[in-house]
Structure formats: structure tokens, C-alpha cells
Amino acid sequence: FIEDIKRQYRSGSALIKLIFINVAMFLLVHLVGLLLWLFGIAGGSELMVYWLALPAEIGRLITKPWSLVSYMFLHESLMHVLMNMLVLYFGGQIFMQFLNQKKLVGVYVLGGLSGGLLYIVSFNIFPVFENVLQGSLALGASASVMAVLVAAATHVPNFVVRLVFLGNVKLKYIALVYVVLDVISIRQGNSGGHIAHIGGALLGFLFAKQL
């Protein structure tokens, strides 16, 4: 089984490799947590998430600078990683029809960095986040996924996708719905996550416009 997984990883595209890394990170966090729990050590998964997730507070960020990269591969819940990987696969497949694998990896990483930086700047600038700044953490591939999706939609806006129950829909409208939902959801909860998504979307848009 392990050899089969290795073979599929080595022969897979950059998109498949990104999905593999995200899934492997999810499994690692929970397997380590399970192992520690079996030895009577509680909170193993939470401890790993703490060290790999991106903090908004500058002082904590300085102590773990790697979190600017690690957070974009980190998921805590099964539904979170599942939804992100489905959208990444959907957007990534379209992206690679018109652009290459190197650009896909670049947009994924830069989108994650852009989303993370916008999240940090927003939480340190806007007074509304003052009370939650100290304990705020960001995790997940959503900003990177948004960057890939929006880059594809900006590059080929009229690409037609057939959706269940909706029929044929242009890719630009799918991306626009995602962005609008994030903007109007900032006040509803998970503000940092939605802000990071917008940062990723902006990177994807600017990347495609520069081509």
C-alpha cells in the first residue's frame, strides 16, 4: 500500500502532489494526536495545530515564522480538508489546461502567503479584532485554493462548467460567488479565514492579469 501511494505521488501532477501533501498533513496531525492519547497525553493534535497554524499576533509569529507556509497545508476537521481539496482539484484541473504545473504551485504558495499576510495585517490594524488578536490562529488551504480558482477564472473567464442542478455556468461567475460570500461573511464568524480567502483571491486575480 505504501509503495503504491509513493508511486502515485511520484507519477502524479503538481496538483495531485499538492492534494497528497494536504491529506498527509491532516493524517499526520490526527495520528500523532491518537498516539499521544493512547499514552495518556491529552491534546496532542491541538498542540501540533498550535505550532503549525498561523498566529495573527506579531510576537507569536516571530517565534514560529514557518507557520506562514505550514498553515496553508494544515487542516483540523475532515470536512475542511475535503471541501478544500475538492475545490482545489476542480480549479486546478482548469488551471492546468491553460497554464503549467510550475505556475500552479507558485499560485498556490503565493496565494497562501498573500492570504496569511492580509489576515495578519487586518487583525493588527482594525480595532474590531483587538480583543481576539492574542488567540487568533489561521489554518487551511482555502486562501491558496481561492488563488488557484480566481487565477483560472481571470485567465479564462468564459470557460463553461456544467454544474449539477444549475447547468452550464461560466467560471467567472463561480469565482465571483465565492469571493462575494467571503466578503459578506467577514462579520458572521471566522473573520480571519474569510479575510485570508480574499487575500488569496486578490493574488490569483493579479497573477492572471500580469500574464
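One can find the structure itself at the top, above this paragraph.
Caption draft 1: View of the packing of aromatic side chains. Counted under the stated rule, the structure contains 6 aromatic pairs. For the pair Trp 51 and Trp 66, a centre-to-centre distance of 6.3 Å together with 25 degrees between the ring planes defines the contact as stacked. Highlighted residues: Trp 51 in helix α3 (residues 44–52) and Trp 66 in the loop between α4 (58–63) and α5 (67–70), separated in sequence by 15 residues. With a relative accessible area of 39%, Trp 51 lands in the partly exposed category. Summarising the aromatic geometry, the rings of Phe 98 and Phe 159 are spaced 5.9 Å apart at their centres and angled 85 degrees between planes, so their arrangement reads as edge-to-face. In this pair, Phe 98 sits in helix α6 (residues 78–98) while Phe 159 sits in the loop between α8 (142–155) and β3 (160–163), placing the two residues 61 residues apart along the sequence. Since its relative accessible area comes to 40%, Phe 98 is described here as partly exposed.

Caption draft 2: Up close: the layout of surface pockets. Size it by volume and the largest pocket reaches roughly 500 Å³. In terms of lining, the largest pocket is formed by 28 residues, of which the most central are His 80, Ser 142, Asn 190, Gly 193 and His 197. Among the residues making up the lining of the largest pocket, the classes are represented as 16 nonpolar, 11 polar and 1 charged.

Caption draft 3: Unusual backbone geometry, seen in detail. Backbone geometry places Asn 190, a non-glycine residue, at a positive phi of 50 degrees. Looking at where Asn 190 falls in the secondary structure, it is placed in the loop between α9 (171–185) and α10 (191–210).

Caption draft 4: Geometry of α8. The terminal C-alpha atoms of α8 lie 20 Å apart, and with 14 residues this matches the ideal 20 Å at 1.5 Å per residue to within 8%. With 12 of 14 residues buried, α8 lies mostly within the body of the structure. Every buried residue belonging to α8 is among Ser 142, Ala 143, Ser 144, Val 145, Met 146, Ala 147, Val 148, Leu 149, Val 150, Ala 151, Ala 152 and Ala 153, and all of these are buried. Elements that come into contact with the buried residues of α8 comprise α6, α7 (101–125), α9 and α10.

Caption draft 5: Region of the structure containing the side chain of Asp 182. Looking at the element boundaries, Asp 182 is found in helix α9. Of the side chains with opposite charge, Arg 187 comes closest to the buried, unpaired Asp 182, at an N-O distance of 14 Å. Setting aside residues up to four positions removed in sequence, Asp 182 forms contacts with Met 146, His 194, His 197 and Ile 198.

Caption draft 6: Up close: the packing of helix α1 (residues 2–11) against helix α2 (residues 14–38). Two elements in contact, α1 and α2, have axes separated by 8 Å at closest approach and are oriented at 140 degrees. Classified by the angle their axes make, α1 and α2 are oblique. Contacts between α1 and α2 involve Ile 5, Gln 8, Tyr 9 and Arg 10 from the first element and Lys 17, Phe 20 and Ile 21 from the second. Here the contact of α1 with α2 is built from residues that sort into 4 nonpolar, 1 polar and 2 charged.

Caption draft 7: Layout of a nonpolar patch on the surface. A cluster of nonpolar side chains, namely Val 23, Leu 27, Leu 31, Leu 34, Leu 35, Trp 37, Leu 38, Phe 39 and Ile 41, defines an oily patch on the protein surface of about 970 Å² accessible area. Locating Leu 31 in the fold gives a position in helix α2.

What counts and what doesn't
- Per chain, the residues get numbers from 1 upward, laid out in the order the sequence is written.
- Reporting in this predicted model follows two pLDDT cut-offs: at least 70 for local features of residues, and 80 or more for side-chain atom pairs to be given and counted; totals over whole chains, interfaces and linings ignore these cut-offs and use all residues.
- Each side-chain value is derived from all of the structure's non-hydrogen atoms; neither hydrogens nor water enter the calculation.
- Working definition: rings of Phe, Tyr and Trp (its six-membered ring) pair if their centres are within 6.5 Å, and the pair is stacked with planes under 30 degrees apart, edge-to-face with planes over 60 apart, and tilted otherwise.
- Secondary structure is summarised from DSSP: a helix means a run of H or I of at least four residues, a strand means a run of E of at least two, and numbering begins at the N terminus for each.
- Buried means the residue's accessible area, taken with a 1.4 Å probe over protein chains only, is under 20% of the maximum for its type, while exposed means over 50%, and partly exposed covers the values in between.
- Only protein atoms enter the 1 Å grid used here. Points where a 1.4 Å probe fits but cannot escape make up a cavity, open sets with protein on both sides within 12 Å along at least five of seven lines make up a pocket, and a residue lines them when an atom lies within 4 Å of a point.
- Grid points are joined across faces, edges and corners, and a volume is the space filled by probe spheres set on the points.
- Here the term charged refers only to Asp, Glu, Lys and Arg, the term nonpolar to Ala, Val, Leu, Ile, Met, Phe, Trp, Tyr, Cys and Pro, and the term polar to all other amino acids, Gly among them.
- A helix's residues, less one, multiplied by 1.5 Å, set its expected span.
- It only takes one pair of heavy atoms within 4.5 Å for two residues to be counted as in contact.
- His residues and chain termini do not enter the charge count, which takes Lys and Arg as positive and Asp and Glu as negative.
- For salt bridges, the criterion is a side-chain nitrogen of Lys or Arg within 4 Å of an Asp or Glu carboxyl oxygen.
- Note on geometry: axes are lines fitted to C-alpha atoms, helical ones only across the stretch in contact, with angles between N-to-C directions running from 0 to 180 degrees.
- Throughout, the term roughly parallel applies to angles under 35 degrees, roughly antiparallel to angles over 145, roughly perpendicular to angles from 65 to 115, and oblique to all others.
- Patches were defined on residues exceeding 30% relative accessible area and lacking a salt bridge, with like-charge contacts within 9 Å and nonpolar side-chain contacts (Val, Leu, Ile, Met, Phe, Trp, Tyr) within 5 Å.
- Surface accessibility in these figures is a Shrake-Rupley result with a 1.4 Å probe; residues are shielded only by whichever protein chains are displayed.

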